[in-house]
Amino acid sequence: MSPAIVADADVMDLECSGESPLCSPSGVGNVVRALRKGTAAGAGPGAQAVDGAAVAGAEGGKRKRKKKRRRVVINTTFCKYDLVRGIAADNDWIEDANEDGEKGEFNVFWTDSSVAIYRVMRLQNWQRINHFPSMCVIARKTQLANTLAKMRKAFPQHFSFAPRTWSLRSERNNFKKYAQSLPVKRQTFIVKPSAGSQGKGIFLTQDPADLPDEIEDAVIQEYIPKPLLCEDKKFDLRVYALVTSVKCPSIFLFDDGLVRLCTVDYQKPAEDNLNDLQMHLTNYAINRLSENFVFNHDADDGSIGHKRDFAFFNKWLEAEGHSSVKVWTRIEKVIVKTLLAAQPLLAHVYTSCFPHNNDGYTCFEILGFDLLLDQQLRPWLLEVNHSPSFSNYTPLDERIKKGLIAETVKLLNLKTDDRARERDKEKEEFKRRMEAQARRAMAKKSGADDSNEVRELDKEDADADKRRQEQFVEEKRRDEDSLLTNFRRIYPSPDPARQALYEEFMEVAKEVNAPTTTVATAQREQEGRKEREKQREKQEKEEALRRGLTRTRTPPRKREVNAEGADGAGRRTQKQAAMEDALKTEQWQARLERQMERHRRRISLGPRLSVFQLREQYMTVPIGLPSFDDNHQQPDEIPAHHATAQPVAPPKSASHGREPPTTFPLRFHDTSLIGIAAPTNPAAAAHHPDPPRCNPTIQSTRVATTLPHHREPVPLAYVIAPCVMPAPKLQPPIARGLRQLKLS
């Protein structure tokens, strides 16, 4: 027996015993390849090859290929805050290799500015972005005022939490009228840029007349006269809210935030302190430049300095004898009402950016609400920031904002297999869609009452999709609630009465934000309905015809034969055809005769002339005609000065080299409606002492005429007006000229 065969037998024994690592597929493959080499090369090398293969197989069995671990990818190309990148690294996320994100390999796209529509439309269901499209409806001061004003008309008591605001571009006059109607003069107003931030461009005024006309892209608000003071200083609250969906609204309130104090003790606005912004404005960018600003170096102690936290605020309220729970309940209502007022517009833009199978959770956004409390503990909404600052200027800023972003990332609940699960979801949806189409096809093929059956199937499919969406939303909300730590849900509200009121607000918001229907839009909608009705009738006729041809085939009709037999029927058809041909010939001849008659009349009037030829040839028509008495008597002759007064050709234009249209315009629609030139200046009145009676309502022009007793052309002003009178018996040349001047 050859050594190769012996080696093969030994290997088989090892394999059967199960003690050899060659039992693995990689080891068996190595042995087979080694045996082939040994058989070709001889006994010695074959045995060595077998030994080497056995060792390689043993090592291959011990080594296992290390599987590459997938991680969540975030794109922060358009984000300037290192705090966001640090939190992403803490969650073991990696940065997207493609900086602009055009390849779409990221799970999260984080940007500081508002997002463009085209970028949102490219996202898949498994991707997330930190801005909603069209959030400017509440982030811009002008649009926020318009959105809340619509709801204030429907619910004056519930939506009066924002100071009255006017746009200087479109409501400047309304503001001036309001300021003049105030019983108390010298009321204070505050002017803010519509898209400004960090207190830039803000100033106070007590005289609306001092507003420069150059300021347009700005708003003017009522100044809150009696703010709540903390340590004799004015302050406001920066409250953070998280919105994870606008399609099925889901709103959370962060338990911590910033209390921003002014650096100058508050005094009632007056002429001498209107320009002291560090007294009246609470913006951090303005007050940090003050010499009195106190910097907080201890992140755990939020009761020091001019920037503090909500823990200090709640303790201070309780110490002053106020209920912090009542204050935060009012703040929650303000935030929810503001978002629900804009929810229909936000949801409309969102659904227009994504396909119908989108789950509604592709976008999320952290909003910063700036609120001011008055002495009655009533919260006033100053503005909404859709891109609040995440800069860590102080340790307190870093602690609050880091916890805010970290828990936001936690609520997103992103996983590495989101893409694969979304692919499986799309396959299941495609399968359901194909099954639904098959059911419809079978229903149409079945026959009777298929239209009703198809409608029932469509309704069942729509109801099933709605139930699946509701079930998904409920599961998503349960998952979010299970991950809450410092956030708390404020919509949907756990209070049934409050939730019912919120739903009423949302229904009214859909009505007041509905696009206005113009006449043209209504006409297009009506035409569309008519066209759809025609298409539906056509489809029903085709369906009825198809059913008649496929299911119940009626026997063909037998041709009825009259008493004359088949030959008589044939002769009758030929007779009818001959009568139709004769009628068509007669109609054609009549039409030809009418055309010839029109041609003869046109020839009798003479050759066709251009506008300039008509003006030169027929402007000898009298400029003025004498008035007629009630008996409509024809005068014996036309005065000579009427026949000789002719317009003189005006000078040619220097730019175009042709005569400008300033000559006497004649426009005749009928021989009984004649254009009369009535003089309107002393020279013309002296020349035409007896102008005709007419209605001077059409137009006026100035022509140059040569009077009998003047050698040079004299400009005369005439009023061209229609004058209805019996047609006078004119001379044949004049009558022919009038007929040729019938211009429509």
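Everything discussed here concerns the structure shown above.
Visitor: Where do I start with the environment of A241 in this structure?
Guide: Position of A241 relative to the elements: it lies in strand β10 (residues 233–245). The buried category is assigned to A241, whose relative accessible area is 1%. Taking the C-alpha atoms as reference, A241 lies 9.6 Å from L404; in sequence the two are 163 residues apart. Excluding residues that lie within four positions of it along the chain, A241 makes contacts with F252, I335, E365, I366, L367 and F369.

Visitor: Can you help me understand the nonpolar core in this one?
Guide: Soluble, globular proteins show a tendency: their nonpolar side chains are buried together. Judged by nonpolar contacts, the single largest core of 65 residues is most densely connected at V239 and F313. Excluding residues that lie within four positions of it along the chain, F313 makes contacts with F235, L237, V259, V327, W328 and L373. Core analysis: the second largest hydrophobic core is formed by 28 residues, C79, F252, I366 and I405 among them.

Visitor: For this particular structure, what's the right way to read unusual backbone geometry?
Guide: Residues Y491 and P492 are joined by a peptide bond in cis, for which omega reads -5°. Even without being glycine, D232 reaches a positive phi, approximately 65°. In this structure, D232 sits in the loop between β9 (229–230) and β10. We classify D232 as exposed; its relative accessible area is 53%. Backbone geometry at L377 places phi at a positive 60°, although glycine is not the residue there. With respect to the secondary-structure elements, L377 resides in the loop between β14 (365–373) and β15 (379–385).

Visitor: I tried to follow the packing of aromatic side chains on my own but got confused; where do I start?
Guide: Any pair of aromatic rings gets described here by the distance separating the centres and the angle formed by the planes. Taken as a whole and judged by the stated rule, the model has 26 aromatic pairs. Ring plane angle 45° and centroid distance 6.0 Å describe the contact between F78 and F109, whose orientation is recorded as tilted. With F78 in the loop between β1 (73–75) and α4 (82–90) and F109 in strand β3 (residues 108–109), this pair connects stretches of sequence that are 31 residues apart. Residue F78 is classed as partly exposed on the basis of its relative accessible area of 41%. Note on W166 and Y178: the rings are 4.9 Å apart at their centroids and 35° apart in plane angle, and the pair reads as tilted. Here Y178 lies in helix α8 (residues 172–181) and W166 lies in strand β5 (residues 165–167), a separation of twelve residues in the sequence. Each member of the pair, W166 together with Y178, is buried. The ring of Y178 has R164 lying over it, and the distance from NZ or CZ to the ring centre is 4.7 Å. Here K425 stacks its cationic end above the ring of F472, 4.8 Å away from the centre of that ring.

Visitor: Would you take a moment to explain the packing of helix α12 (residues 324–353) against helix α16 (residues 496–512) for this structure?
Guide: Any two packed helices are characterised by how steeply their axes cross, that is the angle between the axes, and by the distance between the axes. At a closest axis distance of 8 Å, the pairing of α12 and α16 adopts a crossing angle of 30°. The angle between α12 and α16 falls in the class roughly parallel. Our pair here, α12 against α16, has a crossing hand that is right-handed. Note on element contacts: α16 touches α12 through R498, Y502, F505, M506, A509 and K510, opposite T329, E332, K333, V336, K337, L340, A341, Q343 and P344. A breakdown of the residues in the contact of α12 with α16 according to their chemical character gives eight nonpolar, two polar and five charged.

Visitor: Got a minute to help me understand the pairing of strand β8 (residues 218–222) in this structure?
Guide: Along any regular strand the residues' side chains alternate between the sheet's two faces. The buried fraction of β8 amounts to five of the five residues, a majority that puts the element mostly inside the structure. The pairing of β5 with β8 spans three bridges and is antiparallel. Following the sheet pairing, S167 is matched in β8 by V219. Bridge count between strand β6 (residues 189–193) and β8: five bridges; the pairing is antiparallel. The partner of P193 across the bridge, within β8, is A218.

Visitor: Mind showing me how you'd approach the sheet that holds β1 here?
Guide: The strands making up a sheet associate through backbone hydrogen bonding, with each pair oriented either parallel or antiparallel. Pairing is parallel in the open sheet, where four strands are placed in the order β2-β1-β3-β4. Whereas interior strands pair on both sides, the edge strands pair on one side only; in this sheet they are β2 (94–95) and β4 (128–129). Judged from the two bridges that link them, β3 and β4 form a sheet pairing that is parallel. Its bridge partner lying in β4, V108 is registered against R128.

Basis of the calculations
Residues numbered from 1 in each chain as written. Predicted model: local features only at pLDDT ≥ 70, side-chain atom pairs only at ≥ 80, totals over all residues. Heavy atoms only, no water. Helix = DSSP H or I, 4+ residues; strand = E, 2+ residues; numbered from the N terminus. Buried < 20%, exposed > 50% of the residue type's maximum accessible area, 1.4 Å probe, protein only. Contact = heavy atoms within 4.5 Å. Core = buried A, V, L, I, M, F, W, Y, C linked by side-chain atoms within 4.5 Å. Phe/Tyr/Trp six-rings, centres within 6.5 Å; stacked < 30°, edge-to-face > 60°. Lys NZ or Arg CZ within 6 Å of the ring centre and 35° of its normal. Axes fitted to C-alpha atoms, helices over the stretch in contact; angles between N-to-C directions. Parallel < 35°, antiparallel > 145°, perpendicular 65-115°, else oblique. Left-handed = near helix turned anticlockwise from the far one by under 90°. Nonpolar A, V, L, I, M, F, W, Y, C, P; charged D, E, K, R; others polar. Pairing = 2+ DSSP bridges.

Structural measurements only, silent on function.
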